[in-house]
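Architecture and fold: a report
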2 protein chains.
Amino acid sequence: MADLIDRLPRAPAGERWAGDDAAVVQGEAGPLLLTVDVAVLGVHADPAVVGLDDLGWRAVAGALSDIAAMGGEVRHLLVAVAGPAGVDLDLLYDGVVAAAIHHGAAIVGGDLSAAGQLMVSVTVTGRMGGRDGGLMAPVGRDGARPGHELLVTGPLGASAAGLRLLRAGAGTGGIEGSAGIGPTGEPAVTASGAEASGIEASRAAAILAHRRPVARLAEGALACRAGVSAMMDLSDGLGLDSARLADASRVGVDLKTVPVHPAATAAEALGGGEDYELLMATSDPDALRRAFEDAGFPAPIPIGTCTGDIGIRLLGGKPLPAAGWEHPWG
Amino acid sequence: MADLIDRLPRAPAGERWAGDDAAVVQGEAGPLLLTVDVAVLGVHADPAVVGLDDLGWRAVAGALSDIAAMGGEVRHLLVAVAGPAGVDLDLLYDGVVAAAIHHGAAIVGGDLSAAGQLMVSVTVTGRMGGRDGGLMAPVGRDGARPGHELLVTGPLGASAAGLRLLRAGAGTGGIEGSAGIGPTGEPAVTASGAEASGIEASRAAAILAHRRPVARLAEGALACRAGVSAMMDLSDGLGLDSARLADASRVGVDLKTVPVHPAATAAEALGGGEDYELLMATSDPDALRRAFEDAGFPAPIPIGTCTGDIGIRLLGGKPLPAAGWEHPWG
């Protein structure tokens, strides 16, 4: 960890980050959000097409997305790494640090261990933003009610499309802009030149979405403020995750449409996951739309409604495929 | 995680543990302690001689020990597991849950992932106990001053001795009492029968210390209350860890003696680690001794003093061997 910690800003007065047995940060009254996410090389990132810096970024973004899905603000990260000798930890930490900076989270501690396979465990603490002199309440998955509208923060399938494009070009050098991270840690993936077509631009965006996904923290907090009744991040794909929200809320789902990212297929949009777009349920979609537009975000996309019969799982009038990233452990 | 979560008590009103994107617990003003520890099968636990339940227990105890070393009280655990299909998760969780109950910590969330090697990442949150209407301050490694006495909470080397004894008996069935965990999750390791000699009892204790180490949470809080100037847990062995405390405090160490567990060798006591005894520095060892005795704990064992010359690293007048568990990554 020493290498990682040496790169970080010093702890503010009264706090004590790395270098002792445990980190000490300033606690606050009110809800404390806690989540942990593990990313394993070869499971959550294909080493043939993404770098260790991408693995580091993806591990952090995936964990942060769980805080976004509650409507919270991120505070602190603990980053534990286990892996074989000879792993380029500097490169891994490039991505970890860049993702933390990008999302405004402070890495305050971690662990480093030997292991046969590279694994990154990211713990995040979060807090709720203020409203009316108090704090907002975290948004769970279980508050959707019959008649509530379902919306997502953006088109789906970009990450899965990006992985497909990367694999198609792997080893041929044919993926434009898939290499190279700028000195700020920001990805330098762009379509090449002024003549780049819309297709090329959307493909580049999909590749970026796979390598450097972004947790929708601002959107999650906005949705919370706008009073959504339920929310979750689409980490495993809309098919699986919308059923999870319906199960938790004891409602049915009647999806009318799935917004597909321009580089993605319909199957990727439904089952791809890892886009980290947010799925929201609300009784007042107009208020949600206004909140997003007032803050300069694209309007959330309506995809369907919640129904009173928990047995209803429909997409376009047909049974909703439970597609998505099923855990291989069954 | 579903299996693990199903075994746990329900969250109190106003909190939301597993089952959503992030756990929600009640935050408190004042210092918040955060730590993460990774235990990898084959690195931190020898699968030839300990069970997966022991791995789970050891992962939890090792993480909790970091809170003990700050003088804190444990609050919440997040347990992330990555491993191959077919791993006996039930057995692993037996040890995880038993250790959490034993130490009074609540498991509020986690993650489960596929990986080629079994790995357990344990995150712990902790708080400080109250004193004089306020909260105590966490104890770092960096507060020792020249002239302060160094003490440990108990004799050292038990865990290393236990591992040696387990390996010597592995596959022969010759280790008395090394199998069997009682229905409460408490280890049933005891020397056999009324004729058990002192040697047999100390060997059984060493094996227990290896399989089911205990974080010194009560002792750490007592030491904090008694005003120790620096503290850390001996996770990597006295030789290495005392040098770390000296480095952090910018003092020298002049050790007079190393208290050796009756089943251990001197080398195991100096370099073994994983005993999780606490190393403490204090200007008032009498107050520390009284605090421990008043609370019914064995008196801390004096082992030497801090000196003004940071270059001094002595044991019995000779250079202190920097023995201990050095990280294989160098």
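See the structure printed just above.
What you see is a predicted model; the values in this text were computed from it and never measured.

1. Structural notes on the relation of the copies chain A and chain B
Of the two same-sequence chains, chain A is brought onto chain B (RMSD 0.0 Å, axial shift 0.0 Å) by a rotation of 180 degrees. Seen this way, the second copy is the image of the first under a two-fold rotation axis. Take the interface residues of chain A: 100% of them recur as interface residues in chain B, which is what a same-surface contact looks like.

2. Some thoughts on the packing of aromatic side chains
All names here are of chain A. Under the defined criterion, the tally for this structure stands at two aromatic pairs over all chains. With a centroid separation of 6.2 Å and 65 degrees between ring planes, the pair formed by Phe292 and Phe297 is classed as edge-to-face. Residue classification places Phe297 among the partly exposed positions, given a relative accessible area of 26%.

3. Re the environment of Gly239 of chain B
Residue and element names in this part refer to chain B. Note that Gly239 resides in helix α7 (residues 238-249). You can call Gly239 buried: its relative accessible area is 0%. In sequence terms Gly239 and Pro321 are 82 residues apart; their C-alpha atoms lie 6.0 Å from each other.

4. Quick word on the interface of chain A and chain B
The partner chain B presents 62 residues to the 62 residues of chain A that form the contact. In this assembly, chain A packs against chain B so that about 4,600 Å² is buried in total across both faces, 61% of it on carbon and sulfur atoms. Here chain A and chain B share six salt bridges between them. Put simply, Asp20 of chain B and Arg141 of chain A hold a salt bridge, and the shortest N to O gap is 3.8 Å. Every element with two or more residues in the side of chain A that touches chain B is listed here: β1 (23-27), β2 (30-40), α2 (52-68), β3 (73-83), β4 (106-114), β5 (119-127) and β9 (230-233) of chain A. Classifying every residue of the side of chain A that touches chain B gives 34 nonpolar, 17 polar and eleven charged. Examined bridge by bridge, β2 of chain A and strand β1 (residues 23-27) of chain B share five bridges and lie antiparallel to one another. Bridging across to β1 of chain B, Leu32 of chain A finds its partner in Val25 of chain B.

5. A word on the sheet that holds β5 of chain A
Ordered by their spatial adjacency, five strands build an open sheet running β4(A)-β3(A)-β5(A)-β2(A)-β1(B), and the pairing between neighbours is mixed. At either margin of the open sheet sits one strand with a lone partner, and together these are β4 of chain A together with β1 of chain B. The mean inter-strand angle of the sheet, taken between neighbouring strand axes irrespective of direction, is 20 degrees. Judged from the nine bridges that link them, β2 of chain A and β5 of chain A form a sheet pairing that is antiparallel. Each residue of the ladder has a partner; that of Ala39 of chain A, found in β5 of chain A, is Val120 of chain A.

6. Observations regarding the packing of α2 of chain A against helix α3 (residues 89-103) of chain A
Residue and element names in this part refer to chain A. Close contact between α2 and α3 brings their axes to 6 Å; oriented N to C, the two are set at 35 degrees. The crossing of α2 and α3 is right-handed. Contact residues: α2 offers Leu52, Asp53, Leu55, Gly56, Trp57, Val60, Ala61 and Leu64, while α3 offers Leu91, Leu92, Asp94, Gly95, Val96, Ala98, Ala99, Ala100, His102 and His103.

7. What about empty space enclosed by the protein?
Tallying each qualifying case throughout the model produces three cavities of 30 Å³ or more. Within this model, the largest cavity holds a volume of roughly 100 Å³. What lines the largest cavity is a set of 16 residues, and nearest its centre among them are Leu32 and Arg127 of chain A together with Gly27, Leu32 and Arg127 of chain B. Those elements giving two or more residues to the lining of the largest cavity turn out to be β1, β3 and β5 of chain A together with β1, β3 (73-83) and β5 (119-127) of chain B. Roughly 60 Å³ of internal volume is contained in the second largest cavity. In terms of lining, the second largest cavity is formed by Val40, Ala82, Ala115, Gln117 and Met119 of chain A together with Val40, Ala115, Gln117 and Met119 of chain B. Among the residues forming the lining of the second largest cavity, the class breakdown is seven nonpolar, two polar and no charged.

Rules of the game
- Counting restarts for each chain: residues are numbered from 1 in the order of the written sequence.
- Whichever chain is written first is A, and whichever ligand is written first is 1; the rest continue in order.
- Totals for whole chains, interfaces and linings use every residue, but because this is a predicted model, local features are given only for residues with pLDDT of at least 70 and side-chain atom pairs only at 80 or more, for both listing and counting.
- Excluded from the side-chain calculation are hydrogens and water; included are all heavy atoms of the structure.
- A least-squares superposition brings the copies together, and it is based on the C-alpha atoms of residues with pLDDT no lower than 70 in both.
- Every residue pair with non-hydrogen atoms within 4.5 Å of one another is taken to be in contact.
- Note on aromatic contacts: the rings of Phe and Tyr and the six-membered ring of Trp form a pair at centre separations within 6.5 Å, being stacked when their planes are under 30 degrees apart, edge-to-face when over 60 apart, and tilted otherwise.
- Relative accessibility thresholds used throughout: buried, under 20% of the residue-type maximum; exposed, over 50%; partly exposed, between the two (1.4 Å probe, protein chains only).
- Strands are runs of DSSP state E lasting at least 2 residues, helices are runs of H or I lasting at least 4, and numbering of each runs from the N terminus.
- Once two parts are put together, the accessible area they lose, assessed with a 1.4 Å probe and summed over both, is termed the buried area.
- Here, a salt bridge means any Lys or Arg side-chain nitrogen found within 4 Å of an Asp or Glu carboxyl oxygen.
- Residues are sorted three ways: Asp, Glu, Lys and Arg are charged, Ala, Val, Leu, Ile, Met, Phe, Trp, Tyr, Cys and Pro are nonpolar, and all the rest, Gly among them, are polar.
- The pairing criterion for strands is at least two bridges between them, as found by DSSP.
- Axes here mean lines fitted to C-alpha atoms, for a helix over just the part in contact, with angles spanning 0 to 180 degrees between N-to-C directions.
- A crossing counts as left-handed when the near helix is turned anticlockwise from the far one by less than a right angle, and as right-handed when that turn is clockwise.
- Using only the protein atoms, space was sampled on a 1 Å grid; points where a 1.4 Å probe fits but cannot get out form cavities, open sets with protein on both sides within 12 Å along at least five of seven lines form pockets, and lining residues are those with an atom within 4 Å of a point.
- Grid points are joined across faces, edges and corners, and a volume is the space filled by probe spheres set on the points.

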